[in-house]
Amino acid sequence: MDDPRFVQLASQVAGVGYWRRDVATDARIWSDQMFALHGLTRRRGQRGLRDDEFLALYAPEDRGKFASAMERIRATGEGVDVVARMRRASDGAERTVAFRGEPDRAPGGEIVGLIGVMRDVTDRRAAAEALAESETRYRLLAEASTDIVLRVDADDVIHYVSPSVSRYGYTPRDLVGRTGFSLVHPDDQSRVRGLIGELFATGAVDPQRDRCYRVRTAAGDWVWMEGNPSVIRDPDGVPVAVISQLRDVSERVAAAEKLAASEARFRQLADNASDLILETGLDGAITYVSPSCFALTGRKPEEVVGRTALKWTHPDDAPRLVEAFQTQLKHRGASTPKVIEYRITARDGREIWLESSPRALVDPASGEVLCLTDVARDVTARKALEQSLSEARLAAEEAARVKAAFMANMSHEIRTPLTAILGFTSLLAARDDLPGPARRQVGRIASAGQALLAIVNDILDFSKLEAGQMATRPRPVRPAEILAETLELFQPQASAKGLELSLDLGTLPPWLSLDPDKLRQVVVNLVGNAVKFTQTGAVTLAARYADEVGRLQVEVRDTGCGMSTEDQAKLFQRFSQIDGSLARAHNGTGLGLAISRALVEAMGGEIGVVSRPGEGSVFHVSVRAPIVEAPPMRGDAPDEAMALDLRILVADDNAANRELARVLLEALGAEVTEAASGADALAAAGALPFDVILMDLRMPDMEGGVAARRIRDEPGPNQTVPILAFTADVRTPALTAQSGPFDGVVRKPIESRELLQALAACLDYADGEGGEAEHAR
């Protein structure tokens, strides 16, 4: 081992140069590595450098270190270390070298020379300085950080810990010198040892590793920490320490555990839900479907996942489903999910209706759509019910149409003969030469006809109620006048029974806006019932106006037999009469009060009764009726005493109706032309000018509406002449000046006053100056 060649080889491998200086002769011996360290090439026979040559390579401030070192070795006999900077001769590079000198002693102990070694430590020193600087900087950051920063060696012994450890009840002095393993939860220790061992074995940090583990506080509690390690290496690249930044992630772990529990709970709900729960990727492929898929469609979830729902969606419904999904994607879930219905095909071929509302699930941080979620409900049974209801509705509408046609026909068929009965009875009753017995018989006929007409009117009104045709037409009216006239109608009946009729109007506004016909019909029903069912005493019609609510309040009080609470509950029901014997004694349909309630409700009001058996009854009505100004004054319409200088065409296929109309009109001075059909009416209207045309709606050869339209459309003398619908049809309330060729309606049976009012309205009898209307003649 003393072979100089071996020493030389070792010197080269280690990069260490060695030297010797003889004390007696001052001879110098340098190894080849010494020349190489200084960037020199040994010349032939050259053993070393002189002092001046050697020192010339070193920094001036470091040159004196060598002379001092030599003197110290001689003086003390101890080894001396020197670090100095030099500039390498070969390339001028500045290097740092470490010099070690010791005495070379003879066997007797006498110092005979100086020996030593020299090594280039430039890279090692730079690394050490960088490490020191890094550690200083990192220490400053660590001491300012709220996270815990610690440094451990390969045995996990703590060499440094930042002051932030005080948050957990420790001081840095408590932990330095202890192993980090002693603070780790027993269940996590094995994993943490593996992580530390891996860092020192490989020197690399694997970012995929889970570095969360529990650490004990000074109080004995456990907190979750997440480590972020960095490996510290020595100049040779060997890992010597690990600096780790520990962050408290207890809240995050707790939230994750809570989220996991929530997801597990909702997954359990989804797995047990009867509805179909789906999650769809952005490409339309299903990524999750609840187990209910099998019960609903016969397909297992694994058969569905990875495929698009359109595979089983009915082609007619697919665009609706696609649009709902695209809308959610486009608006990133910001739009309200749209409820859609679509059909899918089950494994066995059944068609299933689903109702759903797809919703986009958006990442709160990035705002990007993650997937689409949906809950689809089986609505097949509901759709079947809707279909059956639709079919039932269509059937009901058809039945209502047939019923309306039937009621219109019945109205016409019943009212047409009643027109003749009541009309000619009225003409007979007006004669002065009628014997007493005959007059009584005529009166009985008239009463029976009026009773029959009342029954027909009730049935027709009921039909209108069921059809929803009970519209109101409010206009300015005198409430006191309407109530007084209505009560006067029952004076003969009351007198015949010895009843006192009285009117108590209080103070009413002169003009109110309401539907006079409907108010009159309600009061007629109430007063008529009171007179009918009161045998002795009195019937009082009273009215008040409630200014604070803008309502007309009407009461009908009687001293009749009264009613029990049970009877009152049935009072306003259709086809309901509280006493069958009374119904037989007084006639009636049982519809009057039901119709009255509907009329009052149509006017935005209420109707009720207060009664006790044996104490009479009080019926009360309240309707909306705003106070209005009086309408513009117009001249009076002609009354029955006035002479009509008019030429009138009466078109009706019923001879009795034509005769009755002719008699009534000629008695008033009118000139009447008859037409027995629509064709005859067209011919007459084309030949002669008329002031008014009364046109029956139902005629066999041509409907009255068709005939009237042709008179309007075809050139002739009567294109602009008023045409009145002369009809018993239940639908006549819809015939107004705004409905086609007609300017008004004359109902059957004919009443003289109504006929005159219709003529006055269409002819504008009063032109504002009291003059008569322009006539065709």
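Some points on the nonpolar core
Core analysis: the biggest nonpolar cluster contains 40 residues, and L526, L552, F619 and V621 have the highest contact counts within it. Listed by contribution, the elements that provide at least two residues to this core are α14 (479-488), β19 (512-514), α16 (516-533), β20 (538-546), β21 (551-558), α19 (592-602), β22 (606-611) and β23 (617-624). Look past the residues within four positions of F619 in its chain and what remains in contact with it is L526, V554, E555, V556, M563, L571, F572, L593, G608 and V609.

So, the side chain of R658
Checked against the element boundaries, R658 lands in helix α20 (residues 655-667). Judged by its relative accessible area of 12%, R658 is buried. At a separation of 3.0 Å, a polar atom in the side chain of R658 contacts the side chain of E674. Ignoring any residue separated from it by four or fewer positions in sequence, one finds R658 in contact with V650, D652, D653, E674, A675 and A676.

Quick notes on the side chain of T122
Considering the arrangement of structural elements, one finds T122 in helix α5 (residues 122-144). Polar contacts involving the side chain of T122 include one to the side chain of R95, which spans 3.4 Å. For T122, the side chain forms a polar contact with the side chain of D120, separated by 2.7 Å. Among all residues touching T122, those that are not within four sequence positions of it are E94, R95 and T96.

What about the packing of aromatic side chains?
Where two aromatic rings form a pair, the distance of their centres and the angle of their planes describe that pair. Under the definition given, this model contains 7 aromatic pairs. The structure contains a cluster of three or more aromatic residues connected by ring pairs, namely W19, W30, F35, F54, Y58, F66 and F99. It is R193 that lies over the ring of F181; its NZ or CZ is 4.0 Å from the centre. It is K383 that lies over the ring of W353; its NZ or CZ is 4.5 Å from the centre.

Re the confidence of the model for the chain
For the chain, the average pLDDT comes to 82, and 83% of its residues sit at 70 or higher. Predicted confidence is poor over residues 575-589, with pLDDT under 50, and the contacts of this stretch with residues over four places away or in other chains come to 22 contacts. Confidence drops under a pLDDT of 50 for residues 765-777, and excluding neighbours within four residues, the segment shows 24 contacts in the predicted structure.

With respect to helix α11 (residues 318-330)
Look at α11: 18 Å from first C-alpha to last across 13 residues, which is about the 18 Å you get at 1.5 Å a residue. Of the positions making up α11, those classed as buried are A318, L321, A324, F325 and Q328. Buried residues of α11, seen end-on, are gathered within an arc of 135° and therefore sit on one face of the element. Of the residues in α11, the exposed ones pointing more than 90 degrees away from the buried face are P319 and K330. Contacts made by the buried residues of α11 are with β11 (276-280), β13 (340-345), β15 (359-362) and β16 (369-378). Directly beyond the C-terminal end of α11, a positive phi value near 55° is found at R332.

A closer look at unusual backbone geometry
Of note, the phi angle at D26 is positive, near 65°, even though the residue is not glycine. Along the chain, D26 falls in the loop between β1 (16-22) and β2 (28-30). Although it is not a glycine, D156 sits at a positive phi angle of roughly 65°. Among the structural elements, D156 can be located in the loop between β6 (148-152) and β7 (158-161).

Rules behind the numbers
- Residues numbered from 1 in each chain as written.
- Predicted model: local features only at pLDDT ≥ 70, side-chain atom pairs only at ≥ 80, totals over all residues.
- Heavy atoms only, no water.
- Core = buried A, V, L, I, M, F, W, Y, C linked by side-chain atoms within 4.5 Å.
- Buried < 20%, exposed > 50% of the residue type's maximum accessible area, 1.4 Å probe, protein only.
- Helix = DSSP H or I, 4+ residues; strand = E, 2+ residues; numbered from the N terminus.
- Contact = heavy atoms within 4.5 Å.
- Polar contact = N/O pair within 3.5 Å; in protein donor to acceptor, adjacent residues only side chain to side chain.
- Phe/Tyr/Trp six-rings, centres within 6.5 Å; stacked < 30°, edge-to-face > 60°.
- Lys NZ or Arg CZ within 6 Å of the ring centre and 35° of its normal.
- pLDDT = per-residue confidence, 0-100.
- Expected span 1.5 Å × (residues − 1).
- Arc of directions from axis to C-beta.

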